[in-house]
Amino acid sequence: MKHLFTLTLLFTSLLTFAQNVVNITYVTVPRENSQEFLSLHKKFTNLTLSEERKIMGSGIFSHAYAGDFTFAIYDFYDNASDIDEDANITNKVLAKNVEAMNLSKEEQADLTAKWRLYTKLYADNHSDQIRISQGLDTLRYEKEGLTWNSKKVVVNHKFNTKWGKNQDFRNSWLAGYAKQLKESGTIEAIYPSRHLYGSGMSWHLYIVYPDWKSLAEFRDNFNVGSMDENTKTFWKSVSNHSDDIMVYIGGIDEETKKFDYVK
């Protein structure tokens, strides 16, 4: 498990889905503590902001359907080795920023208690995985003018592929489902990633919708007729799959460099 001090930061918008490596942490905060967790998450994220950090972007998503987690935290890096290095830097930044607050003993005790609660909620029953998007540009799509200053509905299609079938999977995805998604006019982006470390499936394909209405519109018009040859090739390449639906709820403003939740 990475250091708990490696919290969610964002120095640019979530357009950094284009970065090479993402470290995902799924946290299983009890539902009755979710609002408290989000408040503490904002507080301690802002206490760890620094230009010294290796992290290149991050976002927090609220779980809506399917997988057994409460929030998913996505931290983006240029390479995998930066993840461990960033943890050490974050420890120093947090200590430095807390010291600069010149807290009284009572205030220090209160902050320490909040930190312990936050890290407990963060760590209990969590899971991590590291994924890579390098070399997957042909699978990536982004609508011109996309911004992350509002809530987004994100469907994560997860697949394991059969041995030797990755090329069939990629080609048939592009010619089939991805083509329908782009032509529908209902989506804002498609972001692919491959599994690198930790627990996770071979492929993640994130479909970004601006709202629930757009997701419903696509599903209402989705072609569910008999399978054509391309669709058969796609499913022949897949050993198993699952889907999650998440809602993007927060990040750091590009101008203020402060974490907050979107409206």
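Residues numbered from 1 in each chain as written. Predicted model: local features only at pLDDT ≥ 70, side-chain atom pairs only at ≥ 80, totals over all residues. Heavy atoms only, no water.

> Give a detailed account of the environment of asparagine 79, specifying residues and quantitative values.
Locating asparagine 79 in the fold gives a position in the loop between strand S3 (71-77) and helix H2 (81-99). Here asparagine 79 falls in the partly exposed class, since its relative accessible area comes to 26%. Each C-alpha atom of the pair asparagine 79 and isoleucine 55 lies 9.7 Å from the other, and the pair is 24 residues apart in sequence. Polar contacts involving the side chain of asparagine 79 include one to the side chain of serine 81, which spans 2.5 Å. Within the local environment of asparagine 79, its side chain forms a polar contact with the backbone nitrogen of aspartate 82, the two atoms lying 3.1 Å apart. (Helix = DSSP H or I, 4+ residues; strand = E, 2+ residues; numbered from the N terminus. Buried < 20%, exposed > 50% of the residue type's maximum accessible area, 1.4 Å probe, protein only. Polar contact = N/O pair within 3.5 Å; in protein donor to acceptor, adjacent residues only side chain to side chain.)

> Report on helix H4 (residues 166-175), specifying residues and quantitative values.
Three or more residues of H4 are buried, namely Phe169, Arg170, Ser172 and Trp173. In the core, the buried residues of H4 are packed alongside strand S6 (152-161), helix H5 (177-184), strand S7 (189-198), strand S8 (203-209), helix H7 (229-236) and strand S9 (238-252). (Contact = heavy atoms within 4.5 Å.)

> Account for the packing of aromatic side chains, naming residues and giving values.
By the definition in use, this model includes 23 aromatic pairs. Plain terms: the ring middles of phenylalanine 44 and tyrosine 118 are 5.6 Å apart, the flat faces sit at 25° to each other, and that makes the pair stacked. Highlighted residues: phenylalanine 44 in helix H1 (residues 34-46) and tyrosine 118 in helix H3 (residues 105-123), separated in sequence by 74 residues. As far as the burial class goes, phenylalanine 44 and tyrosine 118 line up, both buried. Clustering of aromatic rings is evident, with ring pairs tying together Phe159, Phe169, Trp173, Tyr177, Trp203, Tyr209, Phe218, Phe234 and Trp235. The residue whose ring lies beneath arginine 194 is tryptophan 203, and the NZ or CZ to ring-centre distance is 4.3 Å. (Phe/Tyr/Trp six-rings, centres within 6.5 Å; stacked < 30°, edge-to-face > 60°. Lys NZ or Arg CZ within 6 Å of the ring centre and 35° of its normal.)

> So, the environment of isoleucine 132: which residues are in play, and what are the values?
By secondary structure assignment, the location of isoleucine 132 is in strand S4 (residues 127-132). With 112 residues separating them along the chain, isoleucine 132 and asparagine 20 place their C-alpha atoms 5.5 Å apart. Sequence-distant contacts of isoleucine 132, that is, excluding residues within four places in its chain, are made with Asn20, Val21, Ser193 and Arg194.

> Account for the packing of H4 against H7, naming residues and giving values.
Where H4 meets H7, the closest approach of the two axes is 8 Å, and the angle between their N-to-C directions is 140°. Between H4 and H7, the angle is such that the two are oblique. When you trace H4 past H7, the crossing you get is left-handed. For the pair H4 and H7, contact is made by Asp168, Phe169, Asn171, Ser172, Trp173 and Ala175 and by Asn230, Thr233 and Phe234, respectively. Grouping the constituent residues of the contact of H4 with H7 by class yields four nonpolar, four polar and one charged. (Axes fitted to C-alpha atoms, helices over the stretch in contact; angles between N-to-C directions. Parallel < 35°, antiparallel > 145°, perpendicular 65-115°, else oblique. Left-handed = near helix turned anticlockwise from the far one by under 90°. Nonpolar A, V, L, I, M, F, W, Y, C, P; charged D, E, K, R; others polar.)

> Kindly report on the pattern of salt bridges, identifying the contributing residues and their values.
Going through the model one piece at a time under the given rule, you end up with eleven salt bridges. With its nearest N and O atoms 3.0 Å apart, the salt bridge here joins lysine 120 to aspartate 124. Classification of lysine 120 as partly exposed rests on a relative accessible area of 49%. For lysine 165, the salt bridge identified is with aspartate 168, shortest N-O distance 3.7 Å. (Salt bridge = Lys/Arg side-chain N within 4 Å of Asp/Glu carboxyl O.)

> How would you summarise the nonpolar core if you had to cite specific residues and measurements?
Note on soluble globular proteins: their nonpolar side chains tend to be buried together. Formed by 23 residues in total, the largest nonpolar core has its most connected members in Phe37, Ile60 and Phe71. Here this core gets five residues from one element, more than from any other, and that element is H3. Residues within four places of phenylalanine 37 in sequence aside, it is in contact with Val27, Val29, Ile60, Phe71, Tyr118, Leu121 and Tyr122. With 21 residues, the next largest nonpolar core counts Phe169, Trp173, Leu181 and Ile245 among its residues. (Core = buried A, V, L, I, M, F, W, Y, C linked by side-chain atoms within 4.5 Å.)

> Residues and numbers for unusual backbone geometry, please.
Even without a glycine there, the phi angle at alanine 66 is positive, about 85°. For asparagine 102, which is not glycine, the phi torsion reads 50° and is therefore positive. Position of asparagine 102 among the secondary structure elements: in the loop between H2 and H3.

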